[in-house]
Every structure is written in C-alpha cells, then in structure tokens.
Amino acid sequence: MKELCLRALDVARGKGAVYADARIVRSRRQDVSTEDERVSGVGDSESAGIGVRVLCDGAWGFAATARLDRAEVERVAAQAVEIARSAALAPAPGGIRWAAEPTHVGVFRTPIKVDPFSVPLEEKIQLLLAINAEVLKVKGVRKCHSGMNFRREWRLLANTDGSLIESETYLTTAGYHATAVDDMTAKTRHFAAYPLSTGYEHVRETPLLAEAARVGEEAVAQLKGAPCPVGRKDLVLHPSHLCLTMHESIGHATELDRVLGMEESLAGSSFATIDQLGTLRYGSPVMNVICDNTMPHGLASRGYDDDGVEAQRWPIIRDGVLVDYQTSREVCGAIGALRSRGSCRADSWASIPIIRQSNLGLAPGKEPLTLDELIADTKDGIYIEGTGSFSIDQKRYNFQFGGDCFWEIKNGRKGAILKDVTYQAITPEFWGSLDAVCDERFWVPYGVTNCGKGDPGQVAQMTHGSAPARFRQINVGGAR
Ligand SMILES: [Zn+2]
C-alpha cells in the first residue's frame, strides 16, 4: 500500500505538481435495525480505494480509483494533474496559499476493547429485539424502532512533505425510539448510546434495555403534555440537545471556508466574518468553546487530518469573544495563521478533503454546579433533552430549534412534560443569554453522524460535548 501511495506522488511530481497527497482508505460499515418484533434491516459493506490530490499551476486536481494496482494508480495520478491544469484556466482569485506543516511519520489507532465487527449479529439483534419488547410493554406505545451502526476506517496518507501517516478509527452507536399514538397525534422519544469512536463495549456499558420503559413512558406522557407556552422562558438545555445547537450555530459558523464564501452553494456562509476576529461578542463571558481533535474517542479524532496536519486543541470562543476558526492549510493564511488547525477531512477515498467541523464543545463551568442545582435556581423555564427539528439561515444567525422531550420548570422544580416546544433566537443574542454551565462532572460528549457539506456532498462525523447550561429569557412557542 505504501509503495502505491509513493508511486502516485512520484508520478504527480514528475508531471509538475508542487504538492501532492495520496490517500488509501479501507472502510467497513455495518447497520442493523429492528422494528417492533422483527428485523427490518441488516447491511454490511466494505469499500477501498485511493484518492490522489495535486496542486499544479496554482489549481487543484483530484482523481480516485477503487483499483489498487500500480498501472491504475499511475493513471489516476496523471489524471489528477491533468484536471489541475484544466482548473488552472480559471484560477482562484489571489491564487492558492498552502501553509507549511512539519513532516509526520506516525500511526494513530483509536483504542477499543471489543471490535464491533467481532460481535455476532445474533447478539446485536437479540438486544435490539429485547429493547423493542420492553418498550412495547408500555401502554400507549405503538411502535419501536431500534438500530446499531458500526464503522471502521483505515487510512494511509502520504504526501510530498514526506509525511506518511496511518490511522484506524471506529464509530459505534446504538439507539431506539418509541412512538406513542392517540386519536389525534403521535409522539416519539429517543434514547441512544451516543456515537463515539470506540468499540462494542460502549453498547454494553450503556443502559439501553434498562431505560426502555422510561423512554416508552415519556413518549406516552408527551401525548398528554400541555402545549408549548408562547413568550420568554429560561431554558435549561441538556448536552444531548445542545450538541445540535452548537453544531449549527457555532460549528458551521466558524468553518473558515464558509466564512470566506467558498461554500455558498450549500447554504454556506457565516455572520462571523474575519474582520471581527478578536472582537465579535459571540456570547456571554461564561461561553468558552474549545475545538479538540486530540479528544479521546472523539468522532473527529484521527491523529492527523487529510492535509497531514497533526491533531490540535484550541479555543475558538474565549470568554464570549470569537478568537479563532476551524481551518485547513489552504485557507488559514486568510486570518494570518502560519499553520492550519487541522480541520480538513474527506468522507471517503473518492472524495477531496474539505474543511469539516472538529470535535467542538462548550467548556464546563468553573464553579461546582449540578443539573439539580441549576433547575432549583430557575423560577420559570423549560428543560429540554435530545434533538428535534431545526432551521437556521445560511449565515448561521437566525434559528429555531425543537427537541426530543421537554419539561416545565416552575419555582425550581422540574414539573410536567410539555409538547411541541420550539425556541427562536439570533445566534449572538442566544449565546449572550448563557448565564450558567454545570461543572465538568456533567460534561457529556454527544456527536453528529450525518453532517452534510460540500458540492458534491460529503457526510462527516464529529463530537460536540457540553454540560447542561441555562439560557435566560429565550423566545419560545413562535412556531405554533
Ligand atoms: Zn452539519
């Protein structure tokens, strides 16, 4: 494999490329799902190939193939150069600045205890069917869907900096949703072993079966829940909910290619423009957002990105102020950075690397604070768990979020379940209303497995962790 990568680089260099990388990826994925008392899907697939990216005459070329033999790899490397020469006929304004990166020779492997692909399918299906049976025992529940998803990706990246990087990462998640139905409507409640780059031990250690009855009961309770009030409420948001709000209103808004207008074709721009770097008040002084691709078991933790940049940890919002972006070697120079932050990844051997969100999370509060104490300190609010529908504009400025389950908070007590809660806000006003974050004991790494970006589209995964947090006086109920 190494010889194939190095041969691709030789061919690209020989034809005039000033930079080239060759990336072989072998991936396997398994998806298992059940519906009520039956198996509804089992998929198991493998994919392997090589992608060659070249910088030539001031333009990019990329070509890929699933045939891993020397003649084919030589053909693809030559084709990538040819594509770059064609692209150079319409050069990028200002040309391409390519930031330097030290040479890396290394191996990164996600530590796992149990390879999910070694666990028999029967064991997985038995657990899913047992969950369904438990959920369906709850009176009022009419459907239960359960599923597990596993991925393993092995990569070998060689580039003309002399780097040679091998990595192996996993994705493991399992979850289910219960649907309760009455004469008028249907309500659904979810539970999951949230996605992590880890092994099957994550499924075994998560109380999937033990929580099944509660999850079913909360689906039923939502049928009878009072509708979302209209007005301003304090919101206490659980990490299982905040992951998506952070992803959409901070994560995408701070991808530097979007900020620079390079992703406009897929709802991609940002209000957080580079002239405001160091001055934009993104949120309140208790808002600290850290990107961390060194995070153990993070979905974006690979040791190195596909630009060959070593994983880093860095603040992007410090005490409420925008202080950095998520960058690649191509765009980091636009903010005067000499080195990329290492946020460039491709979703397969057949895709060109683009800026993808890092593991990005809200730092826990510095003072001891439990979720119970936070609720006890809230007079008139709503507590939200899990994610639901959402909508956000292309500048990541004006948004609305739903959720999975909602409780009224009255005079410091978590009360009855509400239904159909939505909240509406403008990004800096929303984060400006953040006044308390629970401490690190309550910090949980949730993640996103289906982040779409790029044209043609790619799907990426990343982790977004936080502790429960409170936002004061947010507009709720506007969607009714
Ligand atoms: Zn996304």
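Residues numbered from 1 in each chain as written. Predicted model: local features only at pLDDT ≥ 70, side-chain atom pairs only at ≥ 80, totals over all residues. Heavy atoms only, no water.

Draft legend 1. Quick look at the coordination of the zinc ion. Within the first shell, the zinc ion binds the protein through His 247 (NE2), His 252 (NE2) and Cys 451 (SG), at distances of 2.0 to 2.4 Å. Donor residues for the zinc ion sit on one chain with the sequence pattern H-x4-H-x198-C. His 252 carries the same exposure label as His 247, and that label is buried. (Donors = N, O, S within 2.8 Å, 3.2 Å for Na, K, Ca; no water. Buried < 20%, exposed > 50% of the residue type's maximum accessible area, 1.4 Å probe, protein only.)

Draft legend 2. Structural view of the packing of aromatic side chains. Counted under the stated rule, the structure contains 18 aromatic pairs. Ring geometry for Phe 430 against Phe 471: centres 4.2 Å apart, planes inclined by 10 degrees, an arrangement best described as stacked. Residue Phe 430 is located in helix 9 (residues 427-432), and its partner Phe 471 is located in strand 25 (residues 469-476); the two are separated by 41 residues in the primary sequence. Each member of the pair, Phe 430 as well as Phe 471, carries the same accessibility label: buried. Put simply, the rings of Phe 390, Phe 399, Phe 401, Tyr 423, Phe 430, Trp 431 and Phe 471 touch in pairs and so form one group of aromatic residues. (Phe/Tyr/Trp six-rings, centres within 6.5 Å; stacked < 30°, edge-to-face > 60°. Helix = DSSP H or I, 4+ residues; strand = E, 2+ residues; numbered from the N terminus.)

Draft legend 3. Expanded view of empty space enclosed by the protein. Applying the stated rule across the entire model yields two cavities of 30 Å³ or more. The space that makes up the largest cavity amounts to roughly 50 Å³. If you trace the largest cavity, you find it lined by Arg 155, Leu 157, Ile 165, Glu 166, Ser 167, Tyr 304, Asp 305 and Asp 306. Looking at the lining of the largest cavity, the elements that each hand over two or more residues are strand 5 (141-159) and strand 6 (164-181). A per-element tally of the lining of the largest cavity places strand 6 first, with three residues. (1 Å grid on protein atoms, 1.4 Å probe; cavity = no way out; pocket = protein on both sides within 12 Å on 5 of 7 lines; lining within 4 Å. Points joined across faces, edges and corners; volume = space filled by probe spheres on them.)

Draft legend 4. Spotlight on helix 6 (residues 239-251). Taking 1.5 Å of rise per residue, the 13 residues of helix 6 would be expected to cover 18 Å, yet its terminal C-alpha atoms sit only 15 Å apart, more than 12% below that figure. The sharpest bend along helix 6 reaches about 25 degrees and sits at Thr 245. Extensive coverage of helix 6 is indicated by the burial of 13 of its 13 residues. (Expected span 1.5 Å × (residues − 1). Bend = angle between axes of the 7 residues up to and from the residue.)

Draft legend 5. Quick peek at the side chain of Asp 404. You can see Asp 404 is positioned in the loop between strand 18 (398-401) and strand 19 (405-410). For Asp 404, a relative accessible area of 5% translates into the label buried. At 2.6 Å, the side chain of Asp 404 and the side chain of Arg 189 are in polar contact. For Asp 404, the residues in contact, after removing those within four places along its chain, are Thr 188, Arg 189, His 190, Gln 222, Glu 385, Gly 386, Thr 387 and Gly 388. (Polar contact = N/O pair within 3.5 Å; in protein donor to acceptor, adjacent residues only side chain to side chain. Contact = heavy atoms within 4.5 Å.)

Draft legend 6. Region of the structure containing the pattern of salt bridges. Summed over the entire model, instances satisfying the criterion amount to 43 salt bridges. Of the charged contacts, one joins Arg 313 and Asp 292 as a salt bridge, the two residues approaching to 3.3 Å between their closest N and O atoms. Separated by 21 residues along the polypeptide, Arg 313 in strand 11 (residues 313-318) and Asp 292 in strand 10 (residues 289-292) bring together distant segments of the chain. (Salt bridge = Lys/Arg side-chain N within 4 Å of Asp/Glu carboxyl O.)

Draft legend 7. Broad picture of the environment of Ala 78. On the secondary structure map, Ala 78 appears in helix 2 (residues 70-87). When the C-alpha atoms of Ala 78 and Val 11 are compared, they prove to be 6.6 Å apart, with 67 residues separating the residues in sequence. Once you skip the residues sitting within four places of it in the chain, Ala 78 turns out to touch Val 11 and Lys 15.

Draft legend 8. Here's a closer look at the pairing of strand 23 (residues 444-453). When strand 23 meets strand 24 (residues 458-466), the two strands line up antiparallel, connected through eight bridges. Along strand 24, the bridge assignment pairs Val 448 with Met 462. Remark: four residues form the turn of the hairpin made by strand 23 and strand 24, two consecutive strands paired antiparallel; Gly 454 in that turn has positive phi of roughly 95 degrees. (Pairing = 2+ DSSP bridges.)

Draft legend 9. Main features of the side chain of Asn 132. Counting through the fold element by element, Asn 132 comes out in helix 3 (residues 121-136). Within the structure, the side chain of Asn 132 is placed 2.8 Å from the backbone oxygen of Asp 36, a separation counted as a polar contact. When near neighbours in sequence (up to four residues on either side) are disregarded, Asn 132 contacts Thr 34, Glu 35, Asp 36, Cys 144, His 145 and Ser 146.

Draft legend 10. Summary view of helix 1 (residues 2-14). Relative to the 18 Å expected for 13 residues at 1.5 Å per residue, helix 1 spans 18 Å between its end C-alpha atoms, a close match to the ideal helical length. What helix 1 keeps buried is the set Leu 4, Cys 5, Ala 8, Leu 9, Val 11 and Ala 12. Angular distribution of buried residues about the axis of helix 1 spans 165 degrees; they occupy a single face of the element. Of the residues in helix 1, the exposed ones pointing more than 90 degrees away from the buried face are Glu 3 and Gly 14. Residues of helix 1 that are buried in the fold lie against strand 1 (19-35), strand 2 (38-56), helix 2 and strand 5. Positive backbone phi, at 115 degrees, marks Gly 16, one or two positions downstream of helix 1. (Arc of directions from axis to C-beta.)

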